[in-house]
Amino acid sequence: MTLYRRAWTMQLRDGAEAAYEAAHAEIWPELKAQMAESGILRFFLYRSGTTIFAFQERSRPFPDTSHAAPSGLTARWWRAMAPLMCTEGPDHRPIHTDLREVFALDTTTETPT
């Protein structure tokens, strides 16, 4: 199976760190289901101060959603996160910086003998 990976950073507003972590500790089950249905296999968030590092691995290519309106559930989540994160536009899209992969090591795959 081909896996598609993507990583990016986002910024929290000062003082929003605990609320952001609490929101993700109780992430909506329907949002988890939507992510799984969209092909997301793994999704990790890491935090250092107000910087969030995000990593996703999918079973199919990432769609170009840079100009698309978010789905109803995604729009709801973005509105809920807007007081905590740096966002842009009327849909409260999180401001993000895509990261380019420069190295990958996967020791779980078999190598030919």
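Attention here is on the structure that accompanies the text. (Residues numbered from 1 in each chain as written. Predicted model: local features only at pLDDT ≥ 70, side-chain atom pairs only at ≥ 80, totals over all residues. Heavy atoms only, no water.)

Attention now moves to a nonpolar patch on the surface. Together, F44, Y46, F53 and L99 make up an exposed nonpolar region whose accessible area comes to about 370 Å². For L99, the location among the structural elements is in strand β6 (residues 96-99). Overall, L99 belongs to the partly exposed group, its relative accessible area being 40%. (Patch = residues over 30% accessible without salt bridge, like charges linked within 9 Å, V, L, I, M, F, W, Y side chains within 5 Å. Areas by Shrake-Rupley, 256 points an atom, 1.4 Å probe, with all protein chains shown as cover. Salt bridge = Lys/Arg side-chain N within 4 Å of Asp/Glu carboxyl O. Helix = DSSP H or I, 4+ residues; strand = E, 2+ residues; numbered from the N terminus. Buried < 20%, exposed > 50% of the residue type's maximum accessible area, 1.4 Å probe, protein only.)

As a further point, take unusual backbone geometry. Most peptide bonds adopt trans geometry, and most residues besides glycine take a negative phi value. In this model, H92 sits at a positive phi of 60 degrees, which is unusual for a non-glycine residue. Following the sequence through the fold, H92 ends up in the loop between β4 (87-88) and β5 (93-94). On the basis of relative accessible area, H92 is assigned to the partly exposed category, the value being 29%.

Now for the pattern of salt bridges. This structure, assessed with the given rule, holds six salt bridges. For E57, the salt bridge goes to R42, with nearest N and O atoms at 2.4 Å. Residue E57 is found in strand β3 (residues 51-58), and its partner R42 is found in strand β2 (residues 40-48); the two are separated by 15 residues along the sequence.

All quantities given are derived from atomic positions and should not be read as evidence of function.
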